Structures are given as structure tokens and as C-alpha cells.
Amino acid sequence: MADIVDAATRSRMMSGIRGKDTKPEHLVRRGLHARGFRFRLHGSTLPGRPDLVLSRYSAAILVHGCFWHAHGCSLTKVPKTRTDFWRQKLEGNQTRDARQLQELHSMGWRTLTIWECALRGPKDLVEFTLDRAANWLRDGDTSAEIARSDWPVPTAGS
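Treat the numbers as computed from the prediction; the structure is a model and nothing was measured.

1. So, helix α2 (residues 23–34)
Here's step 1: Under the 1.5 Å per step criterion, the end-to-end length of α2 is 16 Å for 12 residues, consistent within 8% with the ideal 16 Å.
Here's step 2: Packing partners of the buried residues in α2 comprise β1 (40–41), β2 (52–54), β3 (59–64), β4 (110–115) and α4 (123–139).
Here's step 3: Residue Gly-36 follows α2 closely and has a positive phi angle near 95°.

Here it is as C-alpha cells:
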């Protein structure tokens, strides 16, 4: 199936997709700031330029878009056109992500990956995600990921 827009329009649309200062990133910033954490943005001296850098905790937080980093959740769907290109692109992103996480760990940094899917949904569950991030910062674990699949399962009667 052919694209529904011409190449110039598609190029303009794709160039509008931001790599930093995204809505999920802003949610994490506001949530952690409200919980008393202070951080630098886009650590330019660190591998992968983590979205938030908390030097006091030797922690780097990466806020990943589920599509661009091929998370595998319901927000991740390989486009039906140019599937070979997109599979190769997304696999390359995953390889780069793994390499950058390894480099951060070898430099002594702790890493937390927060997936976009964990920041979409009811406010109380987004707050749950942000509380988990705050707890991770305080607890001192080396690395962790937070995704929608980590949300608590509602029990009968709640």
C-alpha cells in the first residue's frame, strides 16, 4: 500500500518528531521535581545523553518512547510499509540502547528506563510509576525498568 501523503509532506511530518523535551519526559520531570529531586537535563557528557541526570544519586533516567525503542508493548507496531527498513531501524535503536546502558554502568552510573506506556493512563497509575521511580532513586539498585506491565492489577472489589 502506498503512503497517503507525498514524500515532502512525510519528511516534514517525521522531522517534527522530537527526540527530547517530549510529553512523557515532562511528566517525569514534573513528578520527580515535586518529590524533591533535582537533576540536570540531557547529560551531554554521558553516553546516550540521558534525559535526566541525578549526579547526587549517580543515576541516569531514560524516558523511552515505546515505538522508537521497540518496547514490544501495545504501543509498538511495525509500520506496514517499508517493513524491512523499520525492523532494521528499530533493531539498530535497541542495539544502541543496550550499548549505551552498558557504557553508563561501566562508568559507575545507575540507570532507570521509564517506558512511555507507563506514563499513559489514569492519573493514579502514572503517579504509581513516578513513585516507583522515586523509590528506585532512594533504594540504590543498579538498574531498573518501569513499564505499564508493572502497574498493580486491580483486585475484585476495588
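Next, the rest of the story.
2. Regarding the packing of aromatic side chains
Here's step 1: A full pass over the atoms with the stated rule returns five aromatic pairs.
Here's step 2: Between the aromatic rings of Phe-85 and Trp-86, the centroid separation amounts to 5.1 Å while the plane-to-plane angle is 80°, which identifies the pairing as edge-to-face.
Here's step 3: Members of the aromatic cluster, joined through ring pairs, are Phe-67, Trp-68, Phe-85 and Trp-86.
Here's step 4: The lysine or arginine in question, Arg-82, covers the ring of Phe-85, its NZ or CZ lying 4.2 Å from the ring centre.
Here's step 5: Over the aromatic face of Trp-136 sits the side chain of Arg-110, whose NZ or CZ is 4.2 Å from the ring centroid.

3. As for the nonpolar core
Here's step 1: Core analysis: the largest hydrophobic core is formed by 21 residues, its most contacted members being Val-28, Leu-32, Ile-61, Ile-114 and Leu-137.
Here's step 2: Only α2, β2, β3, β4 and α4 provide two or more residues apiece to this core.
Here's step 3: With seven residues, the single largest contributor to this core is α4.

4. A few points about the sheet that holds strand β5 (residues 143–146)
Here's step 1: Spatially, five strands are ordered β1-β2-β3-β4-β5 in an open sheet, and the strand pairing comes out mixed. For this open sheet the edge positions go to β1 and β5, each flanked by a neighbour on one side alone.
Here's step 2: Bridge count for β2 against β3 is three bridges, and the pairing is antiparallel. Paired with Leu-52 across the bridge in β3 is Ile-61.

5. A short note on the pattern of salt bridges
Opposite charge on two side chains makes pairing possible when the charged atoms of those side chains draw close.
Here's step 1: What the rule picks out here adds up to seven salt bridges.
Here's step 2: Put simply, Arg-35 and Asp-131 hold a salt bridge, and the shortest N to O gap is 2.9 Å. With Arg-35 in the loop between α2 and β1 and Asp-131 in helix α4, this residue pair connects regions lying 96 residues apart in the sequence.
Here's step 3: By relative accessible area, which is 21% here, Arg-35 ends up partly exposed.
Here's step 4: A salt bridge links Asp-97 to Arg-96, with the shortest nitrogen-to-oxygen separation between them at 3.9 Å.
Here's step 5: Given a relative accessible area of 12%, Asp-97 falls into the buried group.
Here's step 6: For Arg-96, a relative accessible area of 30% puts it in the partly exposed group.

6. Some words on the side chain of His-64
Here's step 1: Residue position: His-64 is located in strand β3.
Here's step 2: With residues near it in sequence (within four places) discarded, His-64 still touches His-69, Asp-97, Thr-113, Ile-114, Trp-115 and Glu-116.

7. Concerning the packing of α2 against α4
Here's step 1: In the contact formed by α2 and α4, the axes pass within 10 Å of each other and the chain directions differ by 60°. One finds that α2 runs oblique with respect to α4. For the crossing formed where α2 meets α4, the hand is right-handed. Here Leu-27, Val-28, Gly-31 and Leu-32 of α2 come into contact with α4, specifically with Leu-130, Ala-133, Ala-134 and Leu-137.
Here's step 2: The residue inventory of the contact of α2 with α4, partitioned by class, reads seven nonpolar, one polar and no charged.

Procedures and definitions
- Residues numbered from 1 in each chain as written.
- Predicted model: local features only at pLDDT ≥ 70, side-chain atom pairs only at ≥ 80, totals over all residues.
- Heavy atoms only, no water.
- Helix = DSSP H or I, 4+ residues; strand = E, 2+ residues; numbered from the N terminus.
- Expected span 1.5 Å × (residues − 1).
- Contact = heavy atoms within 4.5 Å.
- Phe/Tyr/Trp six-rings, centres within 6.5 Å; stacked < 30°, edge-to-face > 60°.
- Lys NZ or Arg CZ within 6 Å of the ring centre and 35° of its normal.
- Core = buried A, V, L, I, M, F, W, Y, C linked by side-chain atoms within 4.5 Å.
- Buried < 20%, exposed > 50% of the residue type's maximum accessible area, 1.4 Å probe, protein only.
- Pairing = 2+ DSSP bridges.
- Salt bridge = Lys/Arg side-chain N within 4 Å of Asp/Glu carboxyl O.
- Axes fitted to C-alpha atoms, helices over the stretch in contact; angles between N-to-C directions.
- Parallel < 35°, antiparallel > 145°, perpendicular 65-115°, else oblique.
- Left-handed = near helix turned anticlockwise from the far one by under 90°.
- Nonpolar A, V, L, I, M, F, W, Y, C, P; charged D, E, K, R; others polar.

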